[in-house]
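Chain and residue survey
As a plain string of letters, each chain reads:
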Amino acid sequence: MLIVMQHAAAADEVQRVVDTIESLGYEARPMPGAQRTAVGLVGNDGRVDASRLAALPGVKEIIHVTQPYKQVSREWRDEPTVVRLADGLAVGGNDVVVMAGPCSVESESQLLTTARLVRDAGASVLRGGAFKPRSSPYSFQGLGIEGLKLLAKAREETGLLIVTEAIDTECIDAVADYADIIQIGARSMQNYSLLKRAGKINKPVLLKRGLAATINELLLSAEYILASGNEQIILCERGIRGFDNATRNVFDLAAIPVVHSLSHLPIIADPSHATGRRDKVIPMARAAVAAGADGIIVEVHPTPDTALSDGAQSLYPEQFEDLMRQARLIAEASDRAIAAPLPSQVTT
Ligand code: PEP
Ligand code: MN
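Residues numbered from 1 in each chain as written. Chains lettered and ligands numbered in written order. Predicted model: local features only at pLDDT ≥ 70, side-chain atom pairs only at ≥ 80, totals over all residues. Heavy atoms only, no water.

A few words on the overall build of the protein. When you go through the protein residue by residue, the secondary structure sums to 11 helices and 15 strands. Taking the principal axes of its C-alpha atoms as reference, the protein extends roughly 80 × 45 × 40 Å. By the burial criterion, 52% of the 348 residues in the protein qualify as buried. Surface summary for the protein: the accessible area is close to 15100 Å², and the carbon and sulfur share equals 50%. Averaged over its 35 positive side-chain charges, the protein has a centre that lies 2 Å from the centre of its 42 negative ones. (Helix = DSSP H or I, 4+ residues; strand = E, 2+ residues; numbered from the N terminus. Buried < 20%, exposed > 50% of the residue type's maximum accessible area, 1.4 Å probe, protein only. Areas by Shrake-Rupley, 256 points an atom, 1.4 Å probe, with all protein chains shown as cover. Lys, Arg positive; Asp, Glu negative; His and termini not counted. Charge placed at Lys NZ, Arg CZ, Asp CG, Glu CD.)

Our focus in this paragraph is the pattern of salt bridges. Applying the stated criterion across every chain yields a total of 17 salt bridges. Residue Asp279 is joined to Lys280 by a salt bridge in which the shortest nitrogen-to-oxygen separation is 2.8 Å. In this structure Asp279 comes out as partly exposed when scored by relative accessible area, which is 48%. The exposure class assigned to Lys280 is partly exposed, which follows from its relative accessible area of 33%. Connected through salt bridges with shared partners, the residues Arg209, Glu237 and Asp252 form a single ionic network. (Salt bridge = Lys/Arg side-chain N within 4 Å of Asp/Glu carboxyl O.)

A word on the site of ligand 1. Near ligand 1 you find Cys103, Arg127, Lys132, Gln183, Gly185, Ala186, Arg187, Lys208, Arg238, His273 and Glu299, and these make up its full shell. Contact between ligand 1 and His273: an oxygen atom at 3.3 Å from a side-chain N or O atom of the residue. (Near = heavy atom within 4 Å. Polar contact = N/O pair within 3.5 Å; in protein donor to acceptor, adjacent residues only side chain to side chain.)

Once that is clear, we can look at the pairing of strand β2 (residues 27–32). Across six bridges, the pairing between β2 and strand β3 (residues 37–42) is antiparallel. Note that in β3 the partner of Met31 across the bridge is Ala38. (Pairing = 2+ DSSP bridges.)

Turning to the nonpolar core, a few remarks are in order. Grouped together as the largest cluster of nonpolar side chains are 71 residues, with contacts concentrated most on Val118, Leu126, Leu207, Leu235, Phe320 and Leu323. Setting aside chain neighbours within four positions, we find Phe320 in contact with Val98, Ala100, Val118, Ala121, Ala123, Val300 and Leu315. (Core = buried A, V, L, I, M, F, W, Y, C linked by side-chain atoms within 4.5 Å. Contact = heavy atoms within 4.5 Å.)

Looking now at the sheet that holds β2. Reading across the sheet, the four strands line up as β2-β3-β1-β4 and stay open at both edges, with antiparallel pairing between neighbours. The strands lining the two open edges of the sheet, one partner per strand, are β2 and β4 (59–63). Adjacent strand axes in the sheet meet at a mean angle of 20°, parallel and antiparallel pairs treated alike. On the sheet, helix α1 (residues 11–23) packs against β1 (2–5), β2, β3 and β4 and is oriented at approximately 5° with respect to β3. (Axes fitted to C-alpha atoms, helices over the stretch in contact; angles between N-to-C directions.)

Let's shift gears to the coordination of the manganese ion (ligand 2). Surrounding the manganese ion (ligand 2) are the protein donor atoms Cys103 (SG), His273 (NE2), Glu299 (OE) and Asp310 (OD), which sit 2.0 to 2.4 Å from the metal. Considered as a linear motif, the donors of the manganese ion (ligand 2) on their single chain read C-x169-H-x25-E-x10-D. Here Cys103 is found in the loop between β7 (95–101) and α3 (108–121), whereas its partner His273 is found in helix α9 (residues 271–275), with 170 residues between them in sequence. Judged by its relative accessible area of 3%, Cys103 is buried. Using a relative accessible area of 8% as the deciding quantity, one classes His273 as buried. (Donors = N, O, S within 2.8 Å, 3.2 Å for Na, K, Ca; no water.)

Next up on the list: the packing of helix α10 (residues 278–290) against helix α11 (residues 317–333). Two elements in contact, α10 and α11, have axes whose closest approach is 9 Å; the angle formed by their N-to-C orientations is 20°. Taken together, α10 and α11 sit at an angle that is classed as roughly parallel. For α10 against α11, the interelement crossing comes out right-handed. Where α10 approaches α11, its residues Arg278, Val281, Ile282, Ala285, Arg286, Val289 and Ala290 are matched on the opposing element by Gln319, Asp322, Leu323, Gln326, Ala327, Ile330 and Ala331. (Parallel < 35°, antiparallel > 145°, perpendicular 65-115°, else oblique. Left-handed = near helix turned anticlockwise from the far one by under 90°.)

Further remarks concern the pairing of β1. With four bridges connecting them, β1 and β4 associate as antiparallel partners. Bridge pairing in β4 places Met5 opposite Val59. Pairing geometry for β1 and β3, over three bridges, is antiparallel. Within β3, the position partnered with Leu2 by the bridge is Gly40.

Here we come to the domain arrangement of the protein. Accessible area lost during the coming together of the parts is what is often quoted as the interface size. Its domain assignment divides the protein into domain 1 (2–63) and domain 2 (83–345). Using only C-alpha atoms to locate each centre, domain 1 and domain 2 end up separated by 44 Å. (Domains from an automatic or database assignment.)

This brings us to α11. Compared with an ideal rise of 1.5 Å per residue, which puts 17 residues at 24 Å, α11 spans 25 Å between its outermost C-alpha atoms and is within 8% of the ideal. Turning to α11, its buried residues are Pro317, Phe320, Leu323, Met324, Ala327 and Ala331. Take α11 and look down its axis: the buried residues cluster within an arc of 100°, on one side only. Turned more than 90 degrees away from the buried face of α11 sit Glu318, Leu329, Glu332 and Ala333, all of them exposed. Structurally, α11 contributes buried residues whose contacts are with β7, α3, α10, β14 (295–299) and β15 (337–338). (Expected span 1.5 Å × (residues − 1). Arc of directions from axis to C-beta.)

Moving on, we get to the environment of Ala246. Mapped onto the fold, Ala246 is located in the loop between β12 (233–237) and α8 (255–262). Separated by 29 residues in sequence, Ala246 and Thr275 place their C-alpha atoms 8.7 Å apart.

Before going further, it helps to examine the side chain of His264. Turning to its location among the elements, His264 is positioned in the loop between α8 and β13 (267–269). By relative accessible area, His264 is classed as buried at 2%. Reaching out from His264, the side chain makes a polar contact with the side chain of Arg77 at a distance of 3.5 Å. Here Thr81 takes part through its side chain, which lies 2.7 Å from a polar atom of the side chain of His264. Apart from the residues within four sequence positions on either side, His264 is in contact with Gln71, Val72, Ser73, Arg74, Arg77, Glu79, Pro80, Thr81 and Leu226.

See the structure below:
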């Protein structure tokens with residue numbers, strides 16, 4: 001960290017910065033320049049409260065030379081993390097993993113119909129919320145444990161792996177009992193007690209970017225999970241709040257290569273929540289694969305017009321087949337492939 005002093009900073013102001021750094025237990029290295037003095041803080045272990053230094057008299061600005069996160073960074077580990085799921089499926093390798101299914105688990109027939117159709121079209125993971133984090137308390141809140149049981153049944157019948165959301169520390173153990181991947185949703189990205197609990201569970205975690213979170217904040221949230229002991233993290237770009245309401249959110253496609261350059265963790269994309277409109281989902285899924293996403297997660301419903309949540313962004317079955325066909329071509333064009341069906345995926 002570099003503390004840049006104002007042009008007219010007095011010697012005693014520079015000394016006060018030096019004294020403060022030393023009182024915090026770090027080494028201070030004043031570097032007088034032609035225009036102004038800068039003071040280097042050596043040995044920053046990530047615990048320095050920069051605001052204390054920024055508020056001292058004569059300080060112009062603080063320049064951070066290291067990232068606030070550690071274990072998620074490429075400096076910590078350059079080799080990409082490959083999150084290994086059951087049946088040899090891996091997120092973060094060369095293959096693009098497709099996760100698909102309804103927004104919410106609504107009933108046995110809805111879930112099983114969707115599971116079969118996404119499996120037949122080539123998905124490897126079934127998504128579906130049993131515990132739903134809804135913006136309104138009056139909206140459908142999910143089937144809870146009953147929904148988890150239906151997901152387990154769908155896995156048994158189709159061989160698809162399951163990703164489903166844990167909305168709080170109350171339900172995370174139950175979710176972990178049933179899921180192959182525990183989803184932490186956008187609204188929970190900064191629920192630090194939930195992140196720490198997820199860090200103690202030996203199951204892969206899908207961490208979605210918060211509604212208005214920066215990439216830095218997403219990586220810091222992942223750091224909580226890693227620092228608590230769980231390295232199996234898949235990040236997810238799902239769009240962020242912007243000023244333009246032409247789409248539900250603003251899909252930050254650049255987050256994919258940015259995360260790949262800053263972190264060794266894999267990142268997938270959710271074109272459904274990113275756009276909110278089903279006619280925008282296929283083009284943005286293509287774009288995500290082209291941008292190097294390690295996977296996509298897409299909402300599909302057998303009858304979107306009757307869906308209890310997110311019907312407007314849920315694909316019709318034929319649209320999902322089109323998406324898969326197109327995603328395959330885009331993956332091949334970049335020397336990649338859509339992850340092959342799992343040995344457990346039997347046609348019923
Ligand atoms: C979801 O995946 O259904 C969901 C609620 O997503 P997000 O947390 O990205 O809004
Ligand atoms: Mn949804």
